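Architecture and fold: a report
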Amino acid sequence: MHRRSVRPGFAAGAPEAGVPPQAVTPAVPIRPFARIAALALPLMLAACGTSAILPEVTAPTLPVILDETAAAAAISRYRAQHGLGPVVVDAGLTRAAAFQAGNNARAGRLSHDLGGTFTSRMASAGLARAYAAENLSAGSETFDQVLARWKASPQHNANMLIPQLRRIGVARVDAPETRYRRYWALVMAGN
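Residues numbered from 1 in each chain as written. Predicted model: local features only at pLDDT ≥ 70, side-chain atom pairs only at ≥ 80, totals over all residues. Heavy atoms only, no water.

Before going further, it helps to examine the packing of aromatic side chains. All chains considered together, the criterion is met by 2 aromatic pairs. Each ring, one from Phe143 and one from Trp184, has its centre 6.3 Å from the other, and the planes form 55 degrees; the classification is tilted. Of the two residues, Phe143 is situated in helix α5 (residues 143–152) and Trp184 in strand β6 (residues 182–189); the sequence distance between them amounts to 41 residues. Of the two residues examined, Phe143 and Trp184, each falls in the buried class. For the pair Tyr180 and Tyr183, a centre-to-centre distance of 6.4 Å together with 85 degrees between the ring planes defines the contact as edge-to-face. A relative accessible area of 14% means that Tyr180 is categorised as buried. By relative accessible area, which is 0% here, Tyr183 ends up buried. (Phe/Tyr/Trp six-rings, centres within 6.5 Å; stacked < 30°, edge-to-face > 60°. Helix = DSSP H or I, 4+ residues; strand = E, 2+ residues; numbered from the N terminus. Buried < 20%, exposed > 50% of the residue type's maximum accessible area, 1.4 Å probe, protein only.)

Pasting the structure below:
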């Protein structure tokens with residue numbers, strides 16, 4: 001997935017087209033206790049008189065240590081092939097990327113809005129008036145694989161080739177019990 005801003009400020013991006021839909025699982029017979037619980041839950045919620053918020057289930061996660069300098073060098077080489085300047089690793093952007101990769105890993109899905117909107121998250125990172133973009137992905141085992149996927153995706157590729165970008169942060173968080181297992185985030189910003 002991607003988020004892109006082509007001038008100071010932020011704009012929403014479209015979801016990544018390459019992410020397959022959730023797998024459909026065959027129907028499983030419901031045990032009597034589960035049937036009672038399934039029928040009782042709506043009654044309990046209705047009896048409250050207020051809207052109930054059910055807790056979000058989160059998957060256990062493992063942050064992965066990456067060679068961010070090598071990632072910045074790979075992106076810089078790619079940008080140079082297109083006549084653009086290099087990027088360097090920024091600790092604040094790395095934290096922002098780790099935050100979003102972790103949110104996606106815990107949820108087991110890709111979204112720019114987990115943990116706040118892209119605009120609010122970038123403002124928290126001090127980027128309210130900077131060029132900024134975010135690429136998300138899931139499933140790739142290595143940075144080289146995820147970089148190849150981002151290059152092959154028109155919107156992700158366009159994000160990496162924004163001329164004003166100078167700094168990046170990249171992160172991967174694993175959630176082995178989820179469908180995609182590995183969640184990536186690349187946050188890029190201008191000066």
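Where burial is concerned, most of strand β5 (residues 167–174) is hidden: 8 out of the 8 residues are buried. With burial as the criterion, each face of β5 is covered, one bearing Arg167, Gly169, Ala171 and Val173 and the other bearing Ile168, Val170, Arg172 and Asp174. As defined by bridge partners, strand β2 (residues 62–64) adjoins β5 across 3 bridges and the pair is classed as antiparallel. Bridge assignment links Pro63 to a residue of β5, and that residue is Val173. For strand β3 (residues 88–89) and β5, the ladder comprises 2 bridges, and the chain directions are parallel. Paired with Val88 across the strands is Arg167, a residue of β5. (Pairing = 2+ DSSP bridges.)

Its identity is not glycine, yet Arg181 carries a phi of approximately 70 degrees, on the positive side. You can see Arg181 is positioned in the loop between β5 and β6.

Interaxial distance between helix α2 (residues 68–81) and α5 falls to 11 Å at its minimum, and their mutual angle equals 30 degrees. On the basis of the axis angle, α2 is roughly parallel to α5. Judged by the twist between their axes, the crossing of α2 over α5 is right-handed. Here Ala71, Ala74, Ile75 and Tyr78 of α2 come into contact with α5, specifically with Phe143, Leu147 and Lys151. Among the residues making up the contact of α2 with α5, the classes are represented as 6 nonpolar, no polar and 1 charged. (Axes fitted to C-alpha atoms, helices over the stretch in contact; angles between N-to-C directions. Parallel < 35°, antiparallel > 145°, perpendicular 65-115°, else oblique. Left-handed = near helix turned anticlockwise from the far one by under 90°. Contact = heavy atoms within 4.5 Å. Nonpolar A, V, L, I, M, F, W, Y, C, P; charged D, E, K, R; others polar.)

It is worth spelling out the pattern of salt bridges at this point. By the definition in use, this model includes 3 salt bridges. Between Arg167 and Asp90 there is a salt bridge, with its nearest N and O atoms 3.0 Å apart. Here Arg167 is found in strand β5, whereas its partner Asp90 is found in the loop between β3 and α3 (91–107), with 77 residues between them in sequence. In terms of burial, Arg167 and Asp90 fall into one category: buried. With its nearest N and O atoms 2.9 Å apart, the salt bridge here joins Glu134 to Arg121. Of this pair, Glu134 sits in strand β4 (residues 132–138) while Arg121 sits in helix α4 (residues 118–124), and the two are 13 residues apart along the sequence. Judged by relative accessible area, which is 6%, Arg121 ranks as buried. (Salt bridge = Lys/Arg side-chain N within 4 Å of Asp/Glu carboxyl O.)

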